[in-house]
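Descriptive structure summary
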Amino acid sequence: MLKKLLKRNTYRSIRRKLFPYKRLPDEFYDALYVSINGAPLFIPENTYCVDLAIRNLPTDDPVVEIGSFTGMSTCMLSHFLELHQRRNILFNVDKWEFEEKEKQYYSRVLKVTPETMKHYIRESFIRNLQLCCGSHLPATIELFSDDFFECWNTRSSLVDLWGRTVMPGGPISFAYLDGNHQYAFVKRDFDNVSKWLVKDGFIFFDDSDPAIKSGVRDFVQEGSWKKEYELVIKNPNYLLRKIR
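What this report covers is the structure whose coordinates are included nearby.

What counts, and where the lines are drawn
- Residues numbered from 1 in each chain as written.
- Predicted model: local features only at pLDDT ≥ 70, side-chain atom pairs only at ≥ 80, totals over all residues.
- Heavy atoms only, no water.
- Patch = residues over 30% accessible without salt bridge, like charges linked within 9 Å, V, L, I, M, F, W, Y side chains within 5 Å.
- Areas by Shrake-Rupley, 256 points an atom, 1.4 Å probe, with all protein chains shown as cover.
- Salt bridge = Lys/Arg side-chain N within 4 Å of Asp/Glu carboxyl O.
- Helix = DSSP H or I, 4+ residues; strand = E, 2+ residues; numbered from the N terminus.
- Buried < 20%, exposed > 50% of the residue type's maximum accessible area, 1.4 Å probe, protein only.
- 1 Å grid on protein atoms, 1.4 Å probe; cavity = no way out; pocket = protein on both sides within 12 Å on 5 of 7 lines; lining within 4 Å.
- Points joined across faces, edges and corners; volume = space filled by probe spheres on them.
- Nonpolar A, V, L, I, M, F, W, Y, C, P; charged D, E, K, R; others polar.
- Pairing = 2+ DSSP bridges.
- Axes fitted to C-alpha atoms, helices over the stretch in contact; angles between N-to-C directions.
- Contact = heavy atoms within 4.5 Å.
- Polar contact = N/O pair within 3.5 Å; in protein donor to acceptor, adjacent residues only side chain to side chain.

**Re a nonpolar patch on the surface**
Taken together, the side chains of Tyr105, Val109 and Leu110 present a nonpolar region at the surface, about 270 Å² in accessible area. With respect to the helices and strands, Val109 occurs in helix α5 (residues 100-109). We classify Val109 as partly exposed; its relative accessible area is 39%.

**Observations concerning empty space enclosed by the protein**
Under the defined criterion, the tally for this structure stands at one cavity of 30 Å³ or more. Considered as a void within the structure, the largest cavity measures approximately 60 Å³ in volume. If you go around the largest cavity, the residues you meet are Leu177, Asp178, Gly179, Asn180, His181, Val186, Asp189, Phe205, Asp206 and Val216. By residue class, the composition of the lining of the largest cavity is four nonpolar, three polar and three charged.

**Looking at the sheet that holds strand β9 (residues 238-242)**
With mixed pairing, the seven strands of this open sheet are ordered in space as β3-β2-β1-β6-β7-β9-β8. Taken across any chain shown, the strands that pair with only one partner, and hence form the sheet edges, are β3 (139-141) and β8 (229-234). When strand polarity is set aside, the average angle formed by the axes of neighbouring strands in this sheet is 15°. For strand β1 (residues 63-66) and strand β2 (residues 90-93), the ladder comprises four bridges, and the chain directions are parallel. Its bridge partner being in β2, Val63 is matched across the sheet by Leu90. Sitting on the sheet, helix α4 (residues 72-83) is in contact with β1, β2 and β6 (172-177), with an inclination near 175° to β2.

**What to know about the pattern of salt bridges**
Under the counting rule described, the total for this entry stands at 13 salt bridges. We note a salt bridge from Glu123 to Arg122, for which the minimum N-O separation is 3.4 Å. The partly exposed category is assigned to Glu123, whose relative accessible area is 25%. For the salt bridge of Lys199 with Asp200, the shortest nitrogen-to-oxygen distance reads 3.9 Å.

**Observations regarding unusual backbone geometry**
Backbone phi values are negative for most residues with the exception of glycine, while trans is the configuration of most peptide bonds. In this structure, the amide linkage connecting Asn235 to the following residue, Pro236, adopts the cis form with an omega of -10°. Mapped onto the secondary structure, Pro236 falls in the loop between β8 and β9. For Trp96, which is not a glycine, the phi torsion comes out positive at approximately 55°. Here Trp96 lies in the loop between β2 and α5. Positive phi, close to 60°, is recorded for Asp207, a residue that is not glycine.

**Quick notes on helix α3 (residues 45-55)**
For α3, the buried fraction is high: nine of the eleven residues fall into the buried class. When we look at burial in α3, the residues that qualify are Glu45, Asn46, Thr47, Cys49, Val50, Asp51, Leu52, Ala53 and Ile54. Elements in contact with the buried residues of α3: α2 (27-33), α4, β6, β7 (197-205), β8 and β9.

**Points about the environment of His181**
Take His181: it is sitting in the loop between β6 and α8 (183-194). With 154 residues separating them in the primary sequence, His181 and Glu27 have C-alpha atoms 30 Å apart. Excluding residues that lie within four positions of it along the chain, His181 makes contacts with Glu99, Val186, Asp206, Asp207, Ser214, Gly215 and Val216. There is a polar contact of 2.6 Å between the side chain of His181 and the backbone oxygen of Gly179. Separated by 2.7 Å, the side chains of His181 and Asp207 make a polar contact.

Here it is, written out as structure tokens:
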């Protein structure tokens, strides 16, 4: 018995070192992962964080996603809102304009123009959302995040990607940030969300993993958010909760 116990504890110790982060088994995620393009960008550990935030949303105020790419994260947000029977409206924002280094990468590797790549990614988003969230499409806004928050601040009506008139504005319960990864843009997205985020609301920073060199990582490690927020989990991306 002692040998078995030691063996089991050794296995658990090794497993914790090799796989230190929490994952949430989810069949919907598994199905998307093998079905839609762009799925690997939403790492499996993100499911745990998104589920945790949505299960504990403090209000029915909107959920906002900045940066959608081909829609994997949008589908997962929509999935967990439906799974937990939440009534929060989901707004997602993307203009599908790439950073200069991304344009150069696609041109060099795939031999395609930025316009061709933008069209492909945007059409992929539309197909993926219609396939996986056709009965409960989010309010998809094709703007840069700064322009979107101008509309949010002034409560200006918008026509979403699906042709519906929507009214942004007011408190936000959860924000999933995956927009421009340069530090200045990350900070602006954070400030724009924080202005409207309710107490006990959540902010998730995709690609804030300390192992990834980006402005997202630099912002979260800088720690200026600690006056108003607590770290819920680093998995390896950061999930924060507003505490004041």
